[in-house]
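Close look at the chain arrangement
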Amino acid sequence: MRTNNNNINNFRWWSCDHRYLLIVAALTFIYIQMRLFATQSQHADRLAAAIDAENHCTGQMRSLIDQISLQQGRITALEKDMKRQSQECQHLRTLVQDLEGKGMQKLISNTQAPVAAVVVMACSRADYLKKTIQSILKYQTSVALKFPIFISQDGSHPDVKRLALSYDQLTYMQHLDYEPVHTERPGEIIAYYKIARHYKWALDQLFYKHNFSRVIILEDDMEIAIDFFDYFEAGAILLDSDK
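Keep in mind that this is a model prediction, so the values were computed, not measured.

1. With respect to the packing of aromatic side chains
- Scanning the entire structure with this criterion turns up five aromatic pairs.
- Ring geometry for Tyr 231 against Phe 232: centres 5.4 Å apart, planes inclined by 90 degrees, an arrangement best described as edge-to-face.
- On the basis of relative accessibility, which here comes to 60%, the residue Tyr 231 falls in the exposed class.
- For Phe 232, a relative accessible area of 31% gives the class partly exposed.
- Here the aromatic residues Phe 147, Phe 228, Phe 229, Tyr 231 and Phe 232 are joined through ring pairs into a cluster of three or more.
- A cation over an aromatic ring shows up here: Arg 125 above the ring of Tyr 128, its NZ or CZ 4.8 Å from the ring centre.

2. So, helix H2 (residues 126-140)
- With 15 residues, H2 extends 20 Å from end C-alpha to end C-alpha; this agrees with the ideal 21 Å at 1.5 Å per step.
- Three or more residues of H2 are buried, namely Ala 126, Leu 129, Thr 132, Ile 133, Ser 135, Ile 136, Leu 137 and Gln 140.
- If you follow the buried residues of H2, they end up packed against strand S1 (117-122), strand S2 (149-154), helix H3 (158-165), strand S3 (170-175), strand S4 (215-219) and helix H5 (228-241).

3. Description of the side chain of His 175
- Along the chain, the position of His 175 falls in strand S3.
- For His 175, a relative accessible area of 7% gives the class buried.
- Here Asp 154 takes part through its side chain, which lies 2.9 Å from a polar atom of the side chain of His 175.

4. As for the pattern of salt bridges
- On inspection of all chains with the given rule, the structure shows eleven salt bridges.
- Residues Asp 81 and Arg 84 are paired through a salt bridge, measuring 3.7 Å at the closest nitrogen-oxygen approach. Of the two residues, Asp 81 and Arg 84 both sit in helix H1 (residues 2-101), three residues apart, roughly one turn of that helix.
- A salt bridge links Arg 214 to Asp 240, with the nearest nitrogen and oxygen atoms 2.4 Å apart. Linking Arg 214 in the loop between helix H4 (190-209) and S4 with Asp 240 in helix H5, this pair joins segments that are 26 residues apart in sequence.
- Connected via shared salt-bridge partners are Asp 81, Arg 84 and Glu 88.

5. Some thoughts on H5
- The end-to-end C-alpha separation of H5 is 20 Å, in line with the 20 Å expected for 14 residues at 1.5 Å each.
- Listed in full, the buried residues belonging to H5 are Phe 228, Phe 229 and Ala 236. Viewed end-on, H5 has its buried residues packed into an arc of 85 degrees, placing them on one side of the element. The exposed set on the far side of H5, more than 90 degrees from its buried face, consists of Asp 230, Tyr 231, Ile 237, Leu 238 and Ser 241.

6. Regarding the nonpolar core
- Counting residues in hydrophobic clusters, the biggest one holds 26 residues, and the most contacted among them are Leu 129, Ile 133, Ile 136, Phe 147, Ile 151, Leu 218 and Phe 229.
- When residues of this core are traced back to their parent elements, those giving at least two are S1, H2, S2, H3, S3, S4 and H5.
- Formed by nine residues, the second largest nonpolar core is a distinct cluster that contains Val 119, Met 121, Leu 206 and Val 215.

7. Observations regarding the sheet that holds S2
- Strand order in the open sheet formed by four strands is S3-S2-S1-S4, and the pairing between neighbours is parallel. Each end of this open sheet is capped by a strand with a single partner; those strands are S3 and S4. Strand-to-strand twist across the sheet, computed as the mean angle between neighbouring axes with direction ignored, equals 25 degrees.
- Examined bridge by bridge, S1 and S2 share five bridges and lie parallel to one another. By the bridge assignment, Val 120 is partnered in S2 with Ile 151.
- Taken strand by strand, H2 contacts S1, S2, S3 and S4, and its axis lies near 165 degrees from that of S2.
- Running over the sheet, H4 touches S1, S2, S3 and S4 and is turned about 135 degrees from S3.

8. Quick word on unusual backbone geometry
- Unlike most non-glycine residues, Asn 211 shows phi in positive territory, near 60 degrees.
- Along the chain, Asn 211 turns up in the loop between H4 and S4.

Here is what the cut-offs are and how they apply
- Every chain's residues receive numbers from 1 upward, in the order its sequence appears when written.
- Reporting of local features is limited, given that this is a predicted model, to residues whose pLDDT is at least 70; pairs of side-chain atoms are given and counted only at 80 or more, and all residues count toward the totals for whole chains, interfaces and linings.
- As a rule here, side-chain values come from all non-hydrogen atoms in the structure, and water together with hydrogens is ignored.
- The criterion for an aromatic pair is that two Phe, Tyr or Trp rings (for Trp, the six-membered ring) have centres within 6.5 Å, with stacked assigned to planes under 30 degrees apart, edge-to-face to planes over 60 apart and tilted to the rest.
- Any residue under 20% of the maximum accessible area for its type is buried, any over 50% is exposed, and the rest in between are partly exposed; the area is computed with a 1.4 Å probe on protein chains only.
- Each ring is checked for a lysine NZ or an arginine CZ that lies within 6 Å of its centre and within 35 degrees of its normal; such an atom marks a charge sitting over the ring.
- A run of H or I in DSSP becomes a helix once it reaches four residues, and a run of E becomes a strand once it reaches two; helices and strands are each numbered from the N terminus.
- Residue count minus one, scaled by 1.5 Å, sets the expected span of a helix.
- Any two residues having at least one pair of non-hydrogen atoms within 4.5 Å are treated as being in contact.
- In protein, a polar contact means a hydrogen-donor-capable atom and an acceptor-capable atom, both N or O and within 3.5 Å, with residues adjacent in sequence counting only if both atoms are side-chain atoms; elsewhere, any N or O pair within 3.5 Å suffices.
- Between Lys or Arg on one side and Asp or Glu on the other, a salt bridge is scored when a side-chain nitrogen of the former is within 4 Å of a carboxyl oxygen of the latter.
- Here the arc refers to the set of directions running from the helix axis out to each C-beta atom.
- For this analysis, a nonpolar core means a set of buried residues of the types Ala, Val, Leu, Ile, Met, Phe, Trp, Tyr and Cys, connected via side-chain atoms within 4.5 Å.
- What makes two strands pair is DSSP finding at least two bridges between them.
- Lines fitted to the C-alpha atoms define the axes, with helices restricted to the stretch that makes contact. Angles between their N-to-C directions range from 0 to 180 degrees.

Structure, rendered in structure tokens:
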């Protein structure tokens, strides 16, 4: 009897211990499941945040791509405008050069070619220059198309420039020479070299830029006679016919 009672007690103890183990195992399983659920929830939240961030970045990237495309379109349009304006400027430069090549008075009348350009060489004597201009205009008005007038100033004397620009009947040219003069022989006057440079520059302007075939040169202290232009027009015919 005693042995049976011991066996029964051992069985009861083993049954209780087994139930405790099952309870502990169940609690452990529940805890693990809760941790897994929490971890999965955190991962899900992080994944959702990452997806949102990726979508935001994608949206910003698309916005930047659209802005870049828009700017590229504007740049392309500006390049086309610049190319068109450059072509127009080149066309205008060519037109101006062509018109200058035809001579000033040919812009006014294509039926009468100028006989010669009249250039007055001036520097700093505005009072003398005024008398010379008045003398020329007194007889030049009736033959203005044949003898266009130019004033070529050597230097920048303000009174001379102001006087020349006050006349609509003539064209003003200004020669500015700041290069040092090197004389060929000691004792030579430097002013002569400067005058020669001015003459060469003025003649180059009239012969090569304005394409005149003849040029009449006057100083700024000369007054012409009534038959001045008739004389040179007749002389032009002789120059052309006499070899």
